[in-house]
Every structure is written in C-alpha cells, then in structure tokens.
Amino acid sequence: MGTTKFILAGAAAISMLASSAIADDLTGMVTRIDRLNSTISIQQTQKGTVGGSAGGAGALQQYKAKDAAMLDAVHAGDRVSYSATDNNGTGTLTKLQKQ
C-alpha cells in the first residue's frame, strides 16, 4: 500500500512538471489564426545553434487561446512572444504579445 502511494505521488509530480514545462516565454511567427475556434498556429523560433543557424524555424505548434480576444491583436506573419501550458495534450495559450 505504501509503495502504491509513493508511485502515485511520483506520477503526480512528474505530471505537474510536464504541464509547467511549456509555460516559459517563447518566440515565434504566427502562421495561421482560426478566430471561430479560437486557435492559433505558431512557428516557434529556435534558440541556440544546435542543428543550424540561430534564429531558424522550429516546431509548428497549434494552441487554443485562453481568451479569444487575445487573437484580435495579431495576424498571420506577425512575430510574437507567448506563453503556453499543456493541459492533457492540448496546448493552451496563456499570453500573446506582438513583437
């Protein structure tokens, strides 16, 4: 019984760390906005020099906006800084600012 509680507590801790791991400020370029569904696709800007030149294109991610009004200030092609969290495999945009 004690081992089971220990394993469950460890799994909960790992889950919380994983969900907050994406919460850092990121930068990228808006590639697509779907205002009807409150989603946005952002091409993340790579940091560092691993695998190529600094500032290159990174992963394309789609996020659900926490508040649909966040999407009104940006358009496709805009460079943005943003923060997002991962809730059960779905990325949720918590902060969006045009650069």
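Procedures and definitions
Residues numbered from 1 in each chain as written. Predicted model: local features only at pLDDT ≥ 70, side-chain atom pairs only at ≥ 80, totals over all residues. Heavy atoms only, no water. pLDDT = per-residue confidence, 0-100. Helix = DSSP H or I, 4+ residues; strand = E, 2+ residues; numbered from the N terminus. Buried < 20%, exposed > 50% of the residue type's maximum accessible area, 1.4 Å probe, protein only. Pairing = 2+ DSSP bridges. Contact = heavy atoms within 4.5 Å. Salt bridge = Lys/Arg side-chain N within 4 Å of Asp/Glu carboxyl O.

## Details of the confidence of the model for the protein chain
When pLDDT is averaged along the protein chain, the result is 79, and 65% of the positions lie at 70 or above. Predicted confidence in the protein chain is weakest over helix α1 (residues 2-20), with a mean pLDDT of 57, and strongest over strand β1 (residues 26-34), with 95.

## Quick word on the pairing of strand β2 (residues 39-45)
Where burial is concerned, most of β2 is hidden: 5 out of the 7 residues are buried. Relative to β2, β1 runs antiparallel, the two being bridged by 6 bridges. Of the residues in β2, the one forming a bridge with G28 is Q44. Taking the residues between adjacent antiparallel strands as the criterion, β1 and β2 are bridged by 4 residues, where S38 takes a positive phi near 55°.

## A word on the side chain of S41
Relative to the elements of secondary structure, S41 occurs in strand β2. For S41, the contacting residues outside a window of four places in its chain are M29, V30, T31, R32, L60, Q61 and Q62.

## Description of the pattern of salt bridges
According to the stated counting rule, one finds 2 salt bridges in the structure shown. A salt bridge links D25 to K95, with the nearest nitrogen and oxygen atoms 3.2 Å apart. Here the residue D25 occupies a position in the loop between α1 and β1, and K95 occupies one in strand β5 (residues 90-98), the gap between them amounting to 70 residues. Close ionic contact of D78 with K98 constitutes a salt bridge, the shortest N to O distance being 3.8 Å. Taken as a pair, D78 in the loop between β3 (57-65) and β4 (79-87) and K98 in strand β5 lie far apart in primary sequence, 20 residues in all. Residue class for D78 comes out buried when judged on its relative accessible area of 14%. Residue K98 is classed as partly exposed on the basis of its relative accessible area of 47%.

## Comments concerning the environment of A84
Within the fold, A84 resides in strand β4. Residue class for A84 comes out buried when judged on its relative accessible area of 0%. Sequence separation of A84 and T94 is 10 residues, and the distance between their C-alpha atoms is 5.2 Å.

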